[in-house]
Amino acid sequence: MTTTPVALARDLPVQRVMRAQVDGCDLAIWRGISGQVQAWENRCPHRGMRLSYGFVRQDSLACAYHGWHYNCEAVCHYIPAHPELQPPASIKPVTYSVVEHQGVLWVNTRNEAEVPEFPEDSIGIRSITFDCPLSVAFEACLAAQLSDEAGLSLSPRQLGDAPLILSFGNQQQADSVLLLFQPSDLANVVIHVLAHHSYSVDGRIGISQWCESVRRQAELNHEVAMNAGMECTHE
Amino acid sequence: MNNGLEYAMHDWYPVAIEGELEIGQSRQTRLLGEQLELRCDDSVCDASVCDASQRAGNTGDSVGTITIFSNGRKLPVQRAFNHLWTTLSEKPRELFAISEAQEPGRRLVPCGVVRVKCSPLRAVENFLDIAHFPFVHTDVLGAEPHTEVYKYDVRIDDTDDEVIASNIRFYQPQASKSSSGGIETQYIYRVPAPMAAVLYKTCPPKPEAMDVIAIFVQPLDEETCNVWPWMALYDDVSSMADLIQFQQLIFLQDRSILENQIPRRLPLDPKMEIPTRADLTSVAYRRWLKRHSAWYGAQISIDSLQNHSEGPNAHELAE
Ligand code: FES
Ligand SMILES: [Fe+2]
């Protein structure tokens, strides 16, 4: 199991919780008032409620169902139905290793999260979900033409395969665009898009629109492949 | 393998509200994974199949006769608590009683149906739970800081084979449509069948009586159900529409929880989910299901089958 990007850090402000999936594993990711990020299995140990529907109070995540509070050590320290009770230490959600690095949140569901190396001068543009398997999304991104603000075409280069990272750029210039792939389950991929900080607002909007056109293409390719597959099985 | 169907198929389940279908109408639904067709016509009914419906007081006027088919087979039908009930069994268990349905002066209110993508057992367990009121039904059935669940009693009644929880009290900002301010509400719960639950609660306009609210759950399959809430109230002020709207709001709030519990089926393995003292009703309910092998809609692990212990004692956990 590798370390996977799950969100742009700026999309998770303090005292908020969000849901993410990594290879079909459902996660609740939240940030307490002190700024620290937690990544937990998205299941409350009490009655199984998805913790991503909960709410953050100070440095605790409270479950939406019965309000049990869990602190940053993943220890349940307050059960509202029994305000006087010191909850048993055995009540703990499953936790995963998470790090915040270069504006991206990285999770490893098996081991310590280790962040891959990539150019440091980039900033987050957006995260976008492709409704197709990882391989189809990757092919579509690889085949898509992308150029920088001066109109120079950028060539794609794979930086890593676990996690899968695609970089578009000209080696000499500060114009790189990075795509970080998060396989959320067998049918969906989230791509976190970063770009060199020198891109203007219009340039960033352009990259964002490019992502959408690549998504349409990828989903179309997937649909065509599925239909072709159906015809084969009919023969 | 989950063979909970073995138990579940001998119970009666609601499939429609009485009088909801007009003569000439038909409707498709599902029960325990089987496709059903309900037909309403004005023909004289076949006594051998629906004599229960006659007994239950079908006056046979404009109501029409309901016939229910499953794979070409006619199923038994009966009317009770303003609903139409059916069963897949040739020798069903008797449908439980709610004696308050006969009490003069009560308004009987079928509240429609809520489709929920969860196990029918999860829907019942949620109905038995009070600790969620301040968080899920905020400012209506509960509110912080009044979150404490005081000690209450739970037993399995061996004569009627029901789970019964009593002596429950809870602070409620707006206990029902007819209440105007916060009160401490008393509750009694009973589970007369794995997929039905009845509660009795303080009736604000008539302190000597208790309102009755029930849910009748129609299991479409192990992970999908129709919940049919029903009430028998002393309230002659609120309009029918208001009463129904109030209950519908409550159940829609519950649905947002029920569709987000993992796993979708109710885990009977005591290691899967941790109860506290407030969950004694749920603990008893799970034990009772296990005792009957009423596993339709439950998640059974190898562990929970091999392990004959009935799970942790919630008293120990919480005290
Ligand atoms: S399910 Fe989370 S507090 Fe009960
Ligand atoms: Fe509820």
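Cut-offs applied
Residues numbered from 1 in each chain as written. Chains lettered and ligands numbered in written order. Predicted model: local features only at pLDDT ≥ 70, side-chain atom pairs only at ≥ 80, totals over all residues. Heavy atoms only, no water. Helix = DSSP H or I, 4+ residues; strand = E, 2+ residues; numbered from the N terminus. Contact = heavy atoms within 4.5 Å. Donors = N, O, S within 2.8 Å, 3.2 Å for Na, K, Ca; no water. Tetrahedral: all angles 85-135°; square planar, octahedral: opposite > 155°, others 65-115°. Domains from an automatic or database assignment. Buried area = accessible area lost by both parts, 1.4 Å probe. Salt bridge = Lys/Arg side-chain N within 4 Å of Asp/Glu carboxyl O. Nonpolar A, V, L, I, M, F, W, Y, C, P; charged D, E, K, R; others polar. Pairing = 2+ DSSP bridges. Axes fitted to C-alpha atoms, helices over the stretch in contact; angles between N-to-C directions. Phe/Tyr/Trp six-rings, centres within 6.5 Å; stacked < 30°, edge-to-face > 60°. Buried < 20%, exposed > 50% of the residue type's maximum accessible area, 1.4 Å probe, protein only. Polar contact = N/O pair within 3.5 Å; in protein donor to acceptor, adjacent residues only side chain to side chain. Disulfide = S-S within 2.5 Å. Core = buried A, V, L, I, M, F, W, Y, C linked by side-chain atoms within 4.5 Å.

J.: Quick question: what am I supposed to make of the overall build of chain B here?
T.: The number of helices and strands found in chain B is eight helices and 17 strands. Looking at chain B alone, contacts between residues at least 24 apart form 66% of all its contacts between residues at least 6 apart.

J.: Help me out: how do you make sense of the coordination of the iron ion (ligand 2) in this one?
T.: Under ideal tetrahedral coordination, the four donors around a metal are separated by 109.5 degrees; under ideal octahedral coordination, the six donors are separated by 90 or 180 degrees. For the iron ion (ligand 2), the protein coordination sphere consists of His132 of chain B (NE2), His137 of chain B (NE2), Asp254 of chain B (OD) and Asp254 of chain B (OD), at 2.0 to 2.6 Å. What the four donor atoms of the iron ion (ligand 2) show is an angle range of 56 to 154° at the metal, which sorts the shape as irregular.

J.: Please clarify how the domain arrangement of chain A should be interpreted in this entry.
T.: Interfaces are often sized by the amount of accessible area the parts lose when they come together. Residue and element names in this part refer to chain A. As assigned here, chain A comprises domain 1 (4-108) and domain 2 (122-234). Domain 1 and domain 2 are separated by 30 Å when their C-alpha centres are compared. Each partner contributes to the interface: domain 1 provides 15 residues, whereas domain 2 provides 14 residues. A per-residue breakdown of the area domain 1 buries against domain 2 is headed by Pro5, Leu8 and Gln21, which together make up 42% of the total. Between the two partners, domain 1 and domain 2, sit zero salt bridges. Where the side of domain 1 that touches domain 2 is concerned, the elements lending two or more residues are strand E1 (4-8), strand E2 (16-22) and strand E10 (104-108). Its residues assigned to classes, the side of domain 1 that touches domain 2 comprises eight nonpolar, four polar and three charged.

J.: What is the right way to look at unusual backbone geometry in this model?
T.: Along the chain, alanine 162 of chain A connects to proline 163 of chain A via a cis peptide bond; the corresponding omega equals 0°. With respect to the helices and strands, proline 163 of chain A occurs in the loop between strand E13 (153-161) and strand E14 (164-169). Residue proline 145 of chain B is reached from glutamate 144 of chain B by a cis peptide bond, and omega for that bond is 5°. With respect to the element layout, proline 145 of chain B can be found in the loop between helix H4 (133-136) and strand E10 (153-157). Its identity is not glycine, yet asparagine 71 of chain B carries a phi of approximately 50°, on the positive side.

J.: Is there a simple way to think about the sheet that holds strand E7 (residues 69-71) of chain A in this case?
T.: Strand pairs in the sheet, formed through backbone hydrogen bonds, run parallel or antiparallel to each other. Residue and element names in this part refer to chain A. Strand order in the open sheet formed by four strands is E5-E6-E7-E8, and the pairing between neighbours is antiparallel. Pairing within the sheet leaves two strands with one partner each, and these edge strands are strand E5 (55-57) and strand E8 (76-78). For this sheet the average axis-to-axis angle between neighbouring strands, irrespective of direction, equals 40°. Pairing of E7 with E8, which is carried by two bridges, proceeds in the antiparallel orientation. Residue pairing for E8: tyrosine 70 is matched across the bridge by cysteine 76.

J.: Would you explain the packing of aromatic side chains in this entry?
T.: Each aromatic ring pair is characterised by the separation of its centres together with the angle its planes make. Residue and element names in this part refer to chain B. All chains considered together, the criterion is met by 19 aromatic pairs over all chains. Judged by centre distance (5.6 Å) and plane angle (25°), the ring pair of phenylalanine 81 and phenylalanine 216 falls under stacked. Separated by 135 residues along the polypeptide, phenylalanine 81 in the loop between strand E6 (77-80) and strand E7 (83-86) and phenylalanine 216 in strand E14 (residues 210-221) bring together distant segments of the chain. On the basis of relative accessibility, which here comes to 13%, the residue phenylalanine 81 falls in the buried class. On the accessibility criterion, phenylalanine 216 (0% relative accessible area) is buried. Plain terms: the ring middles of phenylalanine 96 and phenylalanine 216 are 6.2 Å apart, the flat faces sit at 40° to each other, and that makes the pair tilted.

J.: Just checking my understanding: could you explain the domain arrangement of chain B for this structure?
T.: All names here are of chain B. Under the domain assignment, chain B is made up of domain 1 (5-95) and domain 2 (100-258). On a C-alpha basis, the centroid separation for the pair domain 1 and domain 2 is 26 Å. Taken residue by residue, the interface counts 19 residues in domain 1 and 17 residues in domain 2. Both sides of the domain 1 and domain 2 interface together cover about 1,400 Å² of buried area, and 66% of this is carbon and sulfur. Applying the counting criterion to the domain 1 and domain 2 interface returns one salt bridge. A salt bridge links arginine 30 to aspartate 221, with the nearest nitrogen and oxygen atoms 3.1 Å apart. Along the contact surface separating domain 1 from domain 2 lie eight residue pairs in polar contact (both at pLDDT 80 or more). Contributing elements (two or more residues each) for the side of domain 1 that touches domain 2: helix H1 (5-8), strand E1 (13-17), strand E2 (26-31) and E7.

J.: Can you help me understand the interface of chain A and chain B in this one?
T.: Listed as interface residues are 26 residues of chain A and, on the opposing side, 31 residues of chain B. Carbon and sulfur atoms supply 53% of the area that chain A and chain B bury against each other, a total of about 2,400 Å² over both sides. A per-residue breakdown of the area chain A buries against chain B is headed by Arg47, Tyr65 and His82 of chain A, which together make up 31% of the total. Inspection of the region where chain A meets chain B yields three salt bridges. Arginine 47 of chain A is the salt-bridge partner of glutamate 273 of chain B, the closest N and O atoms lying 3.9 Å from each other. Put simply, chain A and chain B have 17 residue pairs in polar contact (both at pLDDT 80 or more) between them.

J.: Please clarify how the pairing of E6 of chain B should be interpreted in this entry.
T.: The two faces of a sheet get side chains in turn, since along a regular strand they alternate between them. Residues and elements named next belong to chain B. The alternating pattern of E6 places Val77 and Arg79 and Gln78 and Ala80 on opposite faces, both of which are buried. With four bridges connecting them, E6 and E7 associate as antiparallel partners. Residue glutamine 78 lies in a different strand from E7, and its bridge partner there is tryptophan 85. Between E6 and the antiparallel strand that follows it, E7, lie two residues; phenylalanine 81 among them carries a positive phi value of about 50°.

J.: Looking at this model, I keep getting lost on the state of the cysteines. Mind explaining?
T.: Covalent bonding between the sulfur atoms of two cysteines defines a disulfide. Residue and element names in this part refer to chain A. Counted by the stated rule, this structure contains zero disulfides over all chains. Lacking any disulfide linkage, cysteine 25 is separated from the closest cysteine sulfur, that of cysteine 44, by 16 Å. Cysteine cysteine 141 remains unbridged, with the sulfur of cysteine 211 as its closest cysteine sulfur at 7.8 Å.

J.: Is there a simple way to explain the pattern of salt bridges in this structure?
T.: Think of it this way: side chains of opposite charge can pair up when their charged atoms draw near. If you walk through the whole model with that rule in mind, you get 27 salt bridges over all chains. In this structure, the salt-bridge partner of arginine 43 of chain A is glutamate 41 of chain A, at a minimum N-O distance of 3.4 Å. Exposure remark for arginine 43 of chain A: the relative accessible area of 15% places this residue in the buried category. Taken together, the shared-partner salt bridges in this structure form one network comprising Arg47 of chain A together with Arg122, Glu125, Glu273 and Arg286 of chain B.

J.: Can you help me understand the nonpolar core in this one?
T.: General note: in soluble globular proteins, nonpolar side chains tend to be found buried as a group. Grouped together as the largest cluster of nonpolar side chains are 92 residues, with contacts concentrated most on Tyr189 and Tyr285 of chain B. Broken down by element, the residue count for this core peaks at six residues, all from helix H5 (residues 240-258) of chain B. Not counting chain neighbours up to four residues away, the residues in contact with tyrosine 189 of chain B comprise Phe127, Leu128, Asp129, Ile130, Phe133, Val163, Ile164, Ala165, Ile168, Val198 and Leu199 of chain B. Ala137, Cys141, Ile207 and Trp210 of chain A belong to the second-largest nonpolar core, a separate cluster that totals 28 residues.

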